[in-house]
There are 2 protein chains.
Amino acid sequence: MTAMEMTMHDSVHVPGFLGNSVASGIKSGGGRDLSLISSEVPARVAGVFTTNRFKAAPVVLDMERIKKGRAQAVVVNSGNANAATGDEGHRDAAAMSKAISERLGIEDELVLVASTGIIGERLPIEKIIRAGGPLVEGLSALGIPAVAEGIMTTDRFPKIETRRCSAGGKEITVCGIAKGAGMIEPNMATMLTFILTDADIDQACLAGVFRESADRSFNAITVDGCMSTNDTAIMLANGVARNSPVSETSGGFAGFREALFDVMESLARSIVRDGEGATKLIEVVVEGAKTSGDARTIAYAIAHSNLVKTAFFGEDPNWGRIISAAGSTAVPFPTDSLELYIEDIPLFIHGRGVPGKEAAEIMKRASMRILVRLGMGEERFRVYTSDLSHEYVDINALYRS
Amino acid sequence: MTAMEMTMHDSVHVPGFLGNSVASGIKSGGGRDLSLISSEVPARVAGVFTTNRFKAAPVVLDMERIKKGRAQAVVVNSGNANAATGDEGHRDAAAMSKAISERLGIEDELVLVASTGIIGERLPIEKIIRAGGPLVEGLSALGIPAVAEGIMTTDRFPKIETRRCSAGGKEITVCGIAKGAGMIEPNMATMLTFILTDADIDQACLAGVFRESADRSFNAITVDGCMSTNDTAIMLANGVARNSPVSETSGGFAGFREALFDVMESLARSIVRDGEGATKLIEVVVEGAKTSGDARTIAYAIAHSNLVKTAFFGEDPNWGRIISAAGSTAVPFPTDSLELYIEDIPLFIHGRGVPGKEAAEIMKRASMRILVRLGMGEERFRVYTSDLSHEYVDINALYRS
């Protein structure tokens, strides 16, 4: 972190939330690896979790607990994913929760657990229990940035975003932290995100707007198309702003929704930017589809294509690879009407490539937008992806499980 | 080619078929780039073509022509894909056919056309017409290996396989040639395959058995999951063996089917082995699925995973990446019953990784088999894939469109 970033992060404060992160000895390097977010009062909670069949023990525990709609704390370890660890793994996740709930003096059911790191190895639960004391004692209203750092694994930088808005007569804070990046160690790219707000918000509204924002942000990025056993996004709304509750029909809803989406999209972009070996951030937009599902299918076909991703790494405006990826799905479209642009520069129109040198200049940028127009309807989808570089191969081939 | 391979290839002879390949000047290096396979008599024909929305002009032409069930010649150029070339592209494909049919003195409708190479550039049709004379004049019963060489683009070696079997009281030859390999130049991995047999075979039987073999071979391999605009597989059966016609109920069918499948699977394996930057050939087998579609979905999720492919390049028996890829699809299975093996060595059983050093030794081999048992049913699917290496990134990033 640069000094300026530290200053920015130090000013992060979400009323009613405390944070802390300590080094418990899970990571061999001695860095922060055990983190805690705690609300002064029970908060409403919403969650989005990996759809992988192999769900890590903490994911299984959280999915059950958030059904009640309330949570007060989230304890997170990095360095070990507690995934593919059998019955002991479930017991370890429960023990991790208990170590924190007892020290916080709250119901155990109000604690959520997240883990990220190497899979297939048991959690060093004794180290976690031992570090629970200092972890809880050090909780601070200014501790959220420490958590953003403590949940990192192979991330190159901490990811934290804060927005403020007005809703129900009060100023509301929406703050998000995230980790992404890496399949080096851990085995898999685990994405963890925690969104904190002091807003009072209707439960159904919270669940709906969080799911919508997740679909538009974290579910619309790809580094390598691989889905982790541990992916977790949790939102806590503790209501200490004492606003009149936000609901889908309340006046402040639009602003709140925009702030939330802005936080989550910014975090999602940071995750792609920090993707393993990524040198470029590429926004793939598909417009003019009959359904958003069609647009999504084509956008992902382009964003996942290794041929497209290596072309971006090579800074080559290779329209042939992009249209071929677009044409490879089951979504029908007339190939003559497809238009392809990089930023405002046409690459392919009326069934032909468009000659020109401007595109090659744009390819040298660190971020750029690819636009595909299908000419079939009004629906669109956007996905962020990264290029495929030598560093990606290095990171993932040289890591030993 | 080694001397031994040359000797083997020189002995390739399919009764009633002639071949030749010449340098027409399409390839700047001056290599063979225009090839012709011709049957002495019209043959029954079956074809399997790319499902990409962007189909190259020769694919569109062939798909129409094979509806009649008869063909007598296939003319193939390498160095230019005649794809994304608009109306001129269709006219060029037709002109290429006409140049050959006139010289062969056969109906134009009996000629099929295939192209592979750079996309978005017009075919140098004058060069092709000019080379048509020497191409036809040089046709020879021993010319099939020259065609296998002439259709290559970035392939490191020609691919040709021959099997013999008995059917309908005669000895039958089944010979296949193929090209795969490359997305360097051309823009895309175009796979071309031509299967020649002197068998007399019922038309419906031919179409059925060719489609089945294609699904089990070329449609069950992946180098990078990208689908070309030009992928073409054509089978010609000229009947000069004068066997009593093969049908699905005839005695010789099983042997013919096995010979055909063996030819096509061997070609498919060669294509993966020759995949860009490939250092390893990996057979991914999924067993115990409820449907073969389920098995296929999971097998491809593993075979396409960049995390799995880089782990193989790094010779790391990373079971976590493999089971996570298996769990990432919509196919349900109980995670506790999944078993994962590399060759005969268990990597993951009863929800846990299995410690041991034998797997790491197997990973050093040039080819190996991954077996996933779902324990859900009786269906299976097998796919061949390659690892993801630095050379893949080099080849595809450094190529300029």
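A short tour of the structure in this document, coming up. Note that the structure is a prediction, hence the values are computed from the model and not measured. (Residues numbered from 1 in each chain as written. Chains lettered and ligands numbered in written order. Predicted model: local features only at pLDDT ≥ 70, side-chain atom pairs only at ≥ 80, totals over all residues.)

**Focus: helix H8 (residues 292–304) of chain B**
Stage number 1. Across its 13 residues, H8 of chain B extends 18 Å between first and last C-alpha, which sits within 8% of the 18 Å expected from 1.5 Å per residue.
Stage number 2. For H8 of chain B, the full list of buried residues reads Asp294, Ala295, Arg296, Ile298, Ala299, Tyr300, Ala301, Ile302, Ala303 and His304 of chain B. (Helix = DSSP H or I, 4+ residues; strand = E, 2+ residues; numbered from the N terminus. Expected span 1.5 Å × (residues − 1). Buried ≥ 20, exposed ≤ 12 C-beta atoms within 10 Å, placed from the backbone.)

**A word on the sheet that holds strand E13 (residues 352–353) of chain B**
Residues and elements named next belong to chain B.
Stage number 1. Taken together, the seven strands give an open sheet; going across it, the order is E8-E15-E10-E14-E11-E12-E13, and neighbouring strands pair in mixed fashion. The sheet is open, and its two edges are formed by strand E8 (221–222) and E13, each paired on a single side.
Stage number 2. Strand direction decides the pairing type here: strand E11 (residues 339–342) and strand E14 (residues 367–373), joined by four bridges, are antiparallel. Counted as the bridge partner of leucine 340 is valine 372 from E14. (Pairing = 2+ DSSP bridges.)

**Here's the deal with the pairing of strand E10 (residues 281–289) of chain A**
Residues and elements named next belong to chain A.
Stage number 1. Here seven bridges tie E10 to strand E14 (residues 367–373), and the two strands are oriented parallel to one another. Residue pairing for E14: glutamate 287 is matched across the bridge by arginine 373.
Stage number 2. Relative to strand E15 (residues 379–386), E10 runs antiparallel, the two sharing seven bridges. Bridge pairing links valine 285 to arginine 382 in E15.

**Some points on unusual backbone geometry**
Residues and elements named next belong to chain A.
Stage number 1. Even without a glycine there, the phi angle at alanine 84 is positive, about 55°.
Stage number 2. Residue position: alanine 84 is located in the loop between strand E3 (70–80) and helix H3 (86–104).
Stage number 3. Judged by the 24 C-beta atoms lying within 10 Å of it, alanine 84 is buried.

**A short note on the nonpolar core**
Stage number 1. The biggest cluster of nonpolar side chains holds 260 residues, and the ones touching the most others in it are Ala299 and Ile302 of chain A together with Ala299 and Ile302 of chain B.
Stage number 2. What isoleucine 302 of chain A contacts, discounting residues up to four positions off in sequence, is Val284, Val308, Ile322, Ala325, Ala326 and Ile370 of chain A. (Core = buried A, V, L, I, M, F, W, Y, C linked by C-beta atoms within 7 Å. Contact = placed C-beta atoms within 7 Å.)

**Observations regarding the environment of glycine 132 of chain A**
Residue and element names in this part refer to chain A.
Stage number 1. If you trace the backbone, glycine 132 turns up in helix H4 (residues 125–137).
Stage number 2. Between the C-alpha atom of glycine 132 and that of leucine 34, which follows or precedes it by 98 residues, the distance is 8.5 Å.
Stage number 3. If we skip the residues at most four places from it in the chain, glycine 132 touches Ala99, Ile100 and Arg103.

**A short note on the packing of helix H6 (residues 203–216) of chain B against helix H7 (residues 253–273) of chain B**
Residues and elements named next belong to chain B.
Stage number 1. Direction vectors running N to C along H6 and H7 enclose 35°, while the axes themselves pass 9 Å from each other. The two elements H6 and H7 meet at a crossing, and its hand is right-handed. From H6, Val209, Ser213, Ala214 and Arg216 reach across to H7, where they touch Arg257, Leu260, Phe261, Met264 and Glu265.
Stage number 2. Partitioning the contact of H6 with H7 into residue classes produces five nonpolar, one polar and three charged. (Axes fitted to C-alpha atoms, helices over the stretch in contact; angles between N-to-C directions. Left-handed = near helix turned anticlockwise from the far one by under 90°. Nonpolar A, V, L, I, M, F, W, Y, C, P; charged D, E, K, R; others polar.)

**Some points on the sheet that holds E15 of chain A**
Residue and element names in this part refer to chain A.
Stage number 1. The seven strands lie next to each other as E8-E15-E10-E14-E11-E12-E13, forming an open sheet whose pairing is mixed. Looking at strand neighbours, the two that pair on one side only are strand E8 (221–222) and strand E13 (352–353), the edges of this open sheet.
Stage number 2. Alignment of strand E11 (residues 339–342) against strand E12 (residues 345–349), held across three bridges, turns out to be antiparallel. Across the sheet, residue isoleucine 342 finds its bridge partner in E12, namely isoleucine 345.
Stage number 3. Contacting E8, E10 and E15, helix H7 (residues 253–273) runs over the sheet at an angle of about 40° to E15.

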